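So the chains spell out like this:
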Amino acid sequence: MSTDAPPPSKEQHKLPSPEEFAEVQESAEFGELRRSYRSFAFPLTVAFIAWYLLYVLLSNYAGGFMGTKLFGNINVALLLGVAQFVTTFLIAWWYSRHAAAKLDPKAEAIKSRMEGGA
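Rules behind the numbers
Residues numbered from 1 in each chain as written. Predicted model: local features only at pLDDT ≥ 70, side-chain atom pairs only at ≥ 80, totals over all residues. Heavy atoms only, no water. pLDDT = per-residue confidence, 0-100. Helix = DSSP H or I, 4+ residues; strand = E, 2+ residues; numbered from the N terminus. Axes fitted to C-alpha atoms, helices over the stretch in contact; angles between N-to-C directions. Parallel < 35°, antiparallel > 145°, perpendicular 65-115°, else oblique. Left-handed = near helix turned anticlockwise from the far one by under 90°. Contact = heavy atoms within 4.5 Å. Nonpolar A, V, L, I, M, F, W, Y, C, P; charged D, E, K, R; others polar. Core = buried A, V, L, I, M, F, W, Y, C linked by side-chain atoms within 4.5 Å. Buried < 20%, exposed > 50% of the residue type's maximum accessible area, 1.4 Å probe, protein only.

Per an unreviewed UniProt entry, the recorded name for the chain is Integral membrane protein, and the organism is Streptomyces viridochromogenes.

Below is the structure:
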């Protein structure tokens, strides 16, 4: 069985002190990383929870609407239920792209500086 990961490095990394962690946490660079994460994650979380609650409320209180047949045996409830799964995967894919493009480079820069590489 092979892996794509390189073998562990033999060199020792300097472990940051608690004071260094506190200093980085208060830095503008870390604040920007946190802002980038929150500006993406919080609105999407709120939107998805609202979308999920809408589905639950429609299922409980709008049975006639949810039972409306669209084609064959497919009704509104089934279509919206499948859309829940689709949106879950789309959000995960979107977050993955966002993290790779915006969050990971910033986090890697902070990490390498903390480990003494920069």
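A.B. asks: It is not clear to me how the confidence of the model for the chain should be interpreted in this structure. Could you clarify?
C.D. replies: Segments scoring low in pLDDT should not have their predicted coordinates read at a detailed level. Summing up the model confidence of the chain, the mean pLDDT is 88 and the portion of residues at 70 or higher is 88%. Of all helices and strands in the chain, the one with the weakest mean pLDDT is helix H1 (residues 18-25) (85), whereas helix H2 (residues 28-61) scores best (94).

A.B. asks: Quick question: what am I supposed to make of the packing of H1 against helix H4 (residues 76-114) here?
C.D. replies: Axis angle and axis distance: for two packed helices, these are the angle between their axes and the distance between the axes, and together they describe the pair. Following both chains from N to C, one finds H1 and H4 inclined at 150°, their axes separated by 11 Å at the closest point. One way to sum up the angle between H1 and H4 is to call them roughly antiparallel. Judged by the sense of rotation from one axis to the other, the crossing of H1 with H4 is right-handed. In this structure, H1 uses Glu20, Phe21 and Val24 to contact H4, whose residues at the interface are Ile110, Arg113 and Met114. Of the residues contributing to the contact of H1 with H4, the split by class is four nonpolar, no polar and two charged.

A.B. asks: What should I look at first to understand the nonpolar core in this one?
C.D. replies: Among soluble globular proteins, nonpolar side chains are generally buried collectively. Counting residues in each nonpolar core, the largest one holds six residues, listed as Val24, Leu33, Ala99, Leu103, Ile110 and Met114. Take this core: its biggest share by element is four residues, from H4. The residues contacting Leu103, other than those within four sequence positions of it, are Leu33, Ser36, Tyr37, Tyr95 and His98.

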